[in-house]
Amino acid sequence: MTFTNKQVTARLKQVASAALLALCAAGAEAAGYAGTQFEIEMVVFARENGMNQSRETWPAAPRLDYSKRWVDFNTPSRGDPMLPALQPAPNQLNNKVAALQRDPGYKVLFHKTWRQVLQNERNAPAILISGGPQDGNHHQLEGSVTLSVSRYLHLSTDLWFSEWLPQTATPSFPMSQGADEPSAPQGIAVPTRPRAAVMAAAASEEPLELGGGNTRSEAAVFNNGSSFSDRPISATAAEPMEKLAARVAVLQEERRLRSGELHYIDHPKLGVLVEVRAVTPQDEPESQDEPMEFNP
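Presented here is an overview of the structure given in this document. Everything numeric in this text was worked out from a predicted model, so none of it was measured.

Calculation criteria
Residues numbered from 1 in each chain as written. Predicted model: local features only at pLDDT ≥ 70, side-chain atom pairs only at ≥ 80, totals over all residues. Heavy atoms only, no water. Helix = DSSP H or I, 4+ residues; strand = E, 2+ residues; numbered from the N terminus. Buried < 20%, exposed > 50% of the residue type's maximum accessible area, 1.4 Å probe, protein only. Contact = heavy atoms within 4.5 Å. Pairing = 2+ DSSP bridges. Axes fitted to C-alpha atoms, helices over the stretch in contact; angles between N-to-C directions. Polar contact = N/O pair within 3.5 Å; in protein donor to acceptor, adjacent residues only side chain to side chain. Salt bridge = Lys/Arg side-chain N within 4 Å of Asp/Glu carboxyl O. Phe/Tyr/Trp six-rings, centres within 6.5 Å; stacked < 30°, edge-to-face > 60°. Lys NZ or Arg CZ within 6 Å of the ring centre and 35° of its normal.

1. With respect to the overall build of the protein chain
Broken down by element type, the protein chain carries 2 helices and 11 strands. Mapped from its N terminus to its C terminus, the protein chain presents α and β elements in the order α-β-β-β-α-β-β-β-β-β-β-β-β. In the protein chain, buried positions account for 42% of the 296 residues. Nonlocal contacts in the protein chain, meaning residues at least 24 apart in sequence, comprise 72% of its contacts between residues at least 6 apart.

Here it is, written out as structure tokens:
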């Protein structure tokens, strides 16, 4: 079957119009997301032999750092300092987690569901993530994820999985030729995560309000009452600023999301399952007088 130029042109216009309508609809949908409360459920798991079975190598000098604007699951709400800013919600992916746990090749490191009002990228805080076995002040899985909205829902991951130097092993101190002092020990320096203030002690502060749609931009307030533009990242005095790892796998990914769909982020060592669900008015809890427990 042959087509005339007029038929081809008409068909191209139909395709272009349909694409434009779909783009406009997606843009309108995403524009309505700003200031909307969402439920975010996230599962992070490790593959026991993932790096050995792939061609990817462990990075020699990964860049590990925490954002200067962050919240964690202990950050108090501005409306009620005795409640967390990231409101917990029931898990809905327990069947996926159970399937991973049945497979000896996978290890679930993190599984939580929380409610958060999404903001644009400029104002969206990094959410600190940790899980897996703990060694001192560190977990095997650390880092952060950031969820924001512009023309679409957006997820940015900055997660790392550490294999620590053995505690009984003496770090290597290679001597430089002609040097009187040994050089720094060999290993990858993993930063210690910042900590939120204890909720009861933060009653007089003004942490970031995530559950109520804080609209302040540059003056958005975090755990200690300072804005993220001047808030230092530091651990408590009792914690060392970093810990040495033998090797670290890093998952840094940018991903567009669709509300109500399960998304999978792949990596030879780590995997992430994430689902973002819009919260409708009937889903709102009738009372928030009592604090809610986070999902284990």
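2. Focus: the sheet that holds strand 3 (residues 87-88)
In spatial order, the strands read 3-4-1-11-10; together these 5 strands make up an open sheet with antiparallel pairing. Among the strands making up the open sheet, the edge pair consists of strand 3 and strand 10 (262-266). As defined by bridge partners, strand 1 (residues 37-47) adjoins strand 4 (residues 106-117) across 11 bridges and the pair is classed as antiparallel. Along strand 4, the bridge assignment pairs E39 with R115. Running over the sheet, helix 2 (residues 94-102) touches strand 1, strand 4, strand 10 and strand 11 (270-278) and is turned about 165° from strand 4.

3. Things to note about the side chain of H154
With respect to the helices and strands, H154 occurs in strand 7 (residues 153-164). Relative accessible area serves as the criterion here: at 14%, H154 is assigned to the buried category. In terms of polar contacts, H154 uses its side chain to reach the side chain of E254, at 3.1 Å. Those residues in contact with H154, other than ones at most four positions away along the chain, are T146, L147, S148, E254 and R255.

4. A closer look at the pairing of strand 9 (residues 242-257)
Relative to strand 9, strand 7 runs antiparallel, the two being bridged by 12 bridges. Following the sheet pairing, W164 is matched in strand 9 by A245. Here strand 8 (residues 188-191) runs beside strand 9; their pairing, made up of 4 bridges, is antiparallel. Note that in strand 9 the partner of P191 across the bridge is E242.

5. Some points on the pattern of salt bridges
Using the criterion set out here, one finds 10 salt bridges in the structure. Here R115 ties to E39 by a salt bridge, and the two come within 3.1 Å at their closest N and O atoms. Of this pair, R115 sits in strand 4 while E39 sits in strand 1; the two residues are 76 residues apart in sequence, bridging distant segments of the chain. Taking relative accessible area as the criterion, E39 reaches 9% and is therefore assigned buried. Connected through salt bridges with shared partners, the residues E39, E41, R115, E275 and R277 form a single ionic network.

6. Description of the packing of aromatic side chains
Within the structure shown, the criterion is met by 5 aromatic pairs. Residues F45 and Y264 carry aromatic rings whose centres are separated by 6.4 Å and whose planes lie at 5° to one another, so their mutual orientation is stacked. You can see F45 sitting in strand 1 and its partner Y264 sitting in strand 10, a full 219 residues away along the chain. Centroid distance Y66 to W160: 5.2 Å. Interplanar angle 65°. Geometry classified as edge-to-face. Here Y66 is found in the loop between strand 1 and strand 2 (70-71), whereas its partner W160 is found in strand 7, with 94 residues between them in sequence. Counting every residue linked through ring pairs, the aromatic cluster contains F45, Y106 and Y264. The ring centre of F73 lies 5.3 Å from the NZ or CZ of K112, which sits over that ring. Looking at R256, its charged tip hangs above the ring of Y152, at a distance of 4.1 Å from the centre.

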